[in-house]
Amino acid sequence: MAQKLTFIINPIAGPRDNLKFWKALKKRLKKKSIPFRAKFTKRREHATRLALKRMKKEADAILVSIGGDGTFNEVGTALVNTQASLAHIPRGSGNGLARMLNIPVSLRKVPGYLVHGTEKSIDAGKIGKAYFFCTAGFGFDALIAHHFENSDSRGLKSYILYVFKVFFGYNGLDADFELDGERFSGRFFTVTIANANQYGNNAFIAPEAKVDDGLLDVTIIRPFPKLLTPLMAIALFGKSLHKLPYVETRKVRKMIINEVESSHFHRDGDAEKRTWPAEIEVVPSVLKILVPPN
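Residues numbered from 1 in each chain as written. Predicted model: local features only at pLDDT ≥ 70, side-chain atom pairs only at ≥ 80, totals over all residues. Heavy atoms only, no water.

## Examining the packing of helix 2 (residues 46-57) against helix 3 (residues 69-79)
So, step 1. One can describe the packing of helix 2 onto helix 3 by two numbers: an axis separation of 7 Å at closest approach and a directional angle of 35°. When the axes of helix 2 and helix 3 are compared, the crossing they make is right-handed. Listed contacts from helix 3 to His-46, Ala-47, Thr-48, Ala-51, Leu-52 and Met-55 of helix 2 are Glu-74, Val-75, Ala-78 and Leu-79.
So, step 2. Grouping the constituent residues of the contact of helix 2 with helix 3 by class yields seven nonpolar, two polar and one charged. (Axes fitted to C-alpha atoms, helices over the stretch in contact; angles between N-to-C directions. Helix = DSSP H or I, 4+ residues; strand = E, 2+ residues; numbered from the N terminus. Left-handed = near helix turned anticlockwise from the far one by under 90°. Contact = heavy atoms within 4.5 Å. Nonpolar A, V, L, I, M, F, W, Y, C, P; charged D, E, K, R; others polar.)

## A look at the packing of aromatic side chains
So, step 1. Here the structure, examined in full by the defined rule, presents 18 aromatic pairs.
So, step 2. Ring plane angle 15° and centroid distance 6.5 Å describe the contact between Tyr-131 and Phe-133, whose orientation is recorded as stacked.
So, step 3. With relative accessibility at 12%, the residue Tyr-131 sits in the buried group.
So, step 4. What makes Phe-133 buried here is its relative accessible area of 0%. (Phe/Tyr/Trp six-rings, centres within 6.5 Å; stacked < 30°, edge-to-face > 60°. Buried < 20%, exposed > 50% of the residue type's maximum accessible area, 1.4 Å probe, protein only.)

## A few points about unusual backbone geometry
So, step 1. In this chain, Trp-276 is followed by Pro-277 through a cis amide linkage whose omega measures 5°.
So, step 2. Within the chain, Lys-239 stands out as a residue other than glycine whose phi angle is a positive 65°.
So, step 3. For Lys-239, the location among the structural elements is in the loop between helix 8 (229-237) and strand 12 (247-252).
So, step 4. Its identity is not glycine, yet Ser-285 carries a phi of approximately 45°, on the positive side.
So, step 5. Mapping Ser-285 onto the fold places it in strand 16 (residues 278-291).

As structure tokens, then:
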């Protein structure tokens, strides 16, 4: 590989030691004579600035994000509609997009992925000026993301702990929105807008979603009896959530959110606050990413 790779590393993404991982990866890259440079993020949105700075010097750069879906989002946002390409090494808590695209987690497999991977164009969702490549939404998931964001511990266990803490006292929220002109109004448990088919950890919130079909999959879950919780969980991890009562799905190009009772919102795993109304639309074939060869 003649072109030098630029790694953008989030040292605190996920529950694992990414600095130790990077040290081990460097040895493998050098052993295989893969040229590279590395930059480390220091704060939120720093990855976007690092990527933009690199592309000013090299418009067709190959960047590699090391972190979770949030780190991928920050680097990917900088690369939207450019000549640059993005590879990703999943080191986050959920790694939804990487799991969907079969991007390797194993240190041993990473060099081969970087050398032999093929380029694929994917869509993105856009709310205001912000992009998401995996999932976004409001309701229960956004509330959990808010709690998780302020947690000192990361990983699936911590996420599940917050789910149990919040779930039994949560009764949904009122919202009003439109999906390609079809109006939905009432009380909702959660509403997820998905470009990828899962949140991460193989929790398939939108089993039929594709990252390159020019559409977003919206999964609408209305408040359901707590007795159905085990069934909902099994369906979530079994790719059959969309078949259950209290769940509706739509494939859309545009969503207009008129009003939501809460300002909590999540975008690619990160919590944020939003004001309403807001519009969400799909932006087709907006990012070139590296995927493993078939």
